[in-house]
Amino acid sequence: MKICIITKNKFFIDEEKLISSGLLTYEENHILGCNFNELEKIIFIGFKEEKPFDGYVYNNLGKKNNVFVVGPKWKEEEKYIIDRLINIYKIIIEIFKNKKILKDIQIIYSPFFEYTAFLLFILKLINSKSKFINYIIGDYPECNYQKKKKHFLKFVLLVFMKISILISTETWIISDYLFKKYNYGKKCIKIPFSSISNNEINLPKRCSTSIIKLLFVGRFAQEKNPHIPCLVAKKLKEKGNNIFLGMIGDGELYNSLNILCKNYFLEQEYQFYGWIKDRKELLKEISGFDFLIFPSTKGEGLGLVIIEAMSQGLVVVATKCGGLEEMIKNEFNGFLIDLAEDNLIVDRTVELIELLTKNPLKYYSTSTNAIDTAKELTIEKMFHIQRQRILNLLKK
């Protein structure tokens, strides 16, 4: 099988290895449900770096394995629209330069982002026989609107999304929430996703009685509301509870969050971990906490960190912000809070956490149900579905 994967990642490649700025697959030696050994050729379209950098390393995806990277050097997108158009133009030029190696590709896959419509159209001109898969894994138009507050930009992204769906042979949509919004016809099917393997699922937890351990995992970006876990921990502390707050991730709000925590907490009461790239280390850190707080604004496609937290037995307290409402059954395997003003979200989260810490049986039953939910959402099950879809497409 010969596949092409479109991303916005930066790549470095040599004979032995590929380094990617973003995670390409959650399962070793597999991508899109296919073992690397099955793939005669893999092409990654993104941005090419000349020197190695600190990223995700794939030692079995070097040039000697018939792996190629097509793309220009990344241009920083300081001017949101102009610089993105420049990057799109530069990628298109590189695609035409490398059209010979793209002509025999069988599957072209891309998660939806603003470049997708342009690149799928160009690739269709070069290789119309390929099967094109467009995967909607998040509410991209809504998330961009939440950041920029520009209705025109949201409209443009909605148009690009519809064009991507029309060009594609098949469009996968990660959740019912997104399927209801972006199901534009028979080409669209729901294909869920996961980041947890069977052997990574832990046992149910019992809540710590001496200290409340709270966790946030994600980008430190406005739409993720990473300040809310800080406010929750602060209020719990003011009410006489011993607390520890863990912040896994990074982003534009790091400095302001760091200042916030220094003002609210003692040094031993919080920790910033950065991004944890090693899967085993990440799950080990997650398993040491009692509660995951997920306070995003609306637009979340699914929230893979919720599956990861559930798999380790944590109780999740989340806002009603999108696809995660399909996983979390309120008061059964986690808790859902209405989107509201920050102080109302904080008050309700504190109320739930105090209730559960005083009721260990309720905490344990919720943790048990979370584990059972994670068992139904494993990588193995999701990859099997993806693999069958791809094999079916190749038969057409």
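Residues numbered from 1 in each chain as written. Predicted model: local features only at pLDDT ≥ 70, side-chain atom pairs only at ≥ 80, totals over all residues. Heavy atoms only, no water.

## Points about the state of the cysteines
Line of reasoning, step 1. By the definition in use, this model includes zero disulfides.
Line of reasoning, step 2. Looking at C261, it has no disulfide partner, and the nearest cysteine sulfur is the one in C230, 3.8 Å off. (Disulfide = S-S within 2.5 Å.)

## Concerning the nonpolar core
Line of reasoning, step 1. Ranked by internal contacts, the top residues of the largest apolar core, which has 99 residues, are F44, I45, I95 and I306.
Line of reasoning, step 2. In this structure, L236, M247, F272 and V350 belong to the second largest nonpolar core, which totals 31 residues. (Core = buried A, V, L, I, M, F, W, Y, C linked by side-chain atoms within 4.5 Å. Buried < 20%, exposed > 50% of the residue type's maximum accessible area, 1.4 Å probe, protein only.)

## Some details on the environment of Q388
Line of reasoning, step 1. Residue placement: Q388 occurs in helix α13 (residues 379–395).
Line of reasoning, step 2. Residues Q388 and G33, spaced 355 residues apart in sequence, show a C-alpha to C-alpha distance of 8.4 Å. (Helix = DSSP H or I, 4+ residues; strand = E, 2+ residues; numbered from the N terminus.)

## Overview of the packing of aromatic side chains
Line of reasoning, step 1. The final tally for this structure, using the stated rule, is 21 aromatic pairs.
Line of reasoning, step 2. Measuring from centroid to centroid gives 5.4 Å for Y135 and W172, while their planes differ by 80°, and the two rings are edge-to-face. Taken together, the residues Y135 in strand β9 (residues 131–136) and W172 in strand β10 (residues 170–173) connect sequence positions 37 residues apart. For the pair formed by Y135 and W172, the shared burial category is buried.
Line of reasoning, step 3. Seen from their ring centres, Y270 and F272 are 6.0 Å apart, and the 85° between their planes marks the pair as edge-to-face.
Line of reasoning, step 4. A network of ring pairs unites the aromatic residues F216, F220, Y254, Y264, F265, Y270 and F272 as a single cluster.
Line of reasoning, step 5. The ring of Y184 carries K162 above its face, with NZ or CZ at 4.9 Å from the centroid.
Line of reasoning, step 6. Taking the ring centre of Y56 as reference, the NZ or CZ of K277 above it sits at 5.7 Å. (Phe/Tyr/Trp six-rings, centres within 6.5 Å; stacked < 30°, edge-to-face > 60°. Lys NZ or Arg CZ within 6 Å of the ring centre and 35° of its normal.)

## As for the pairing of strand β12 (residues 212–217)
Line of reasoning, step 1. Burial analysis of β12 places five of its six residues in the buried class, which makes it a mostly covered element.
Line of reasoning, step 2. Looking at chain direction, β12 and strand β13 (residues 243–248) are connected through six bridges and run parallel. Residue pairing for β13: F216 is matched across the bridge by M247.
Line of reasoning, step 3. Taking the sense of rotation as the criterion, the β-α-β connection linking β12, helix α7 (residues 227–238) and β13 turns out right-handed.
Line of reasoning, step 4. Summarising the sheet, β12 and strand β15 (residues 291–294) pair through two bridges and their orientation is parallel. Bridge assignment links L215 to a residue of β15, and that residue is L292. (Pairing = 2+ DSSP bridges. Right-handed = clockwise from strand over helix to strand, strands pointing away.)

## Concerning the side chain of E269
Line of reasoning, step 1. Here E269 shows up in the loop between α8 (254–264) and β14 (270–274).
Line of reasoning, step 2. Taking relative accessible area as the criterion, E269 reaches 12% and is therefore assigned buried.
Line of reasoning, step 3. Polar contacts involving the side chain of E269 include one to the main-chain amide nitrogen of L266, which spans 2.7 Å.
Line of reasoning, step 4. Filtering out sequence-adjacent residues up to four positions away, E269 remains in contact with K237, I243, F244 and L245. (Polar contact = N/O pair within 3.5 Å; in protein donor to acceptor, adjacent residues only side chain to side chain. Contact = heavy atoms within 4.5 Å.)

## Details of unusual backbone geometry
Line of reasoning, step 1. Unusually for a residue other than glycine, N66 sits at a positive phi of about 65°.
Line of reasoning, step 2. With respect to the secondary-structure elements, N66 resides in the loop between β6 (56–58) and β7 (67–70).
Line of reasoning, step 3. Taking relative accessible area as the criterion, N66 reaches 31% and is therefore assigned partly exposed.
Line of reasoning, step 4. Despite not being glycine, E331 has its phi angle at roughly 70°, a positive value.
Line of reasoning, step 5. Counting through the fold element by element, E331 comes out in the loop between β16 (315–319) and β17 (335–337).
Line of reasoning, step 6. Residue class for E331 comes out partly exposed when judged on its relative accessible area of 45%.

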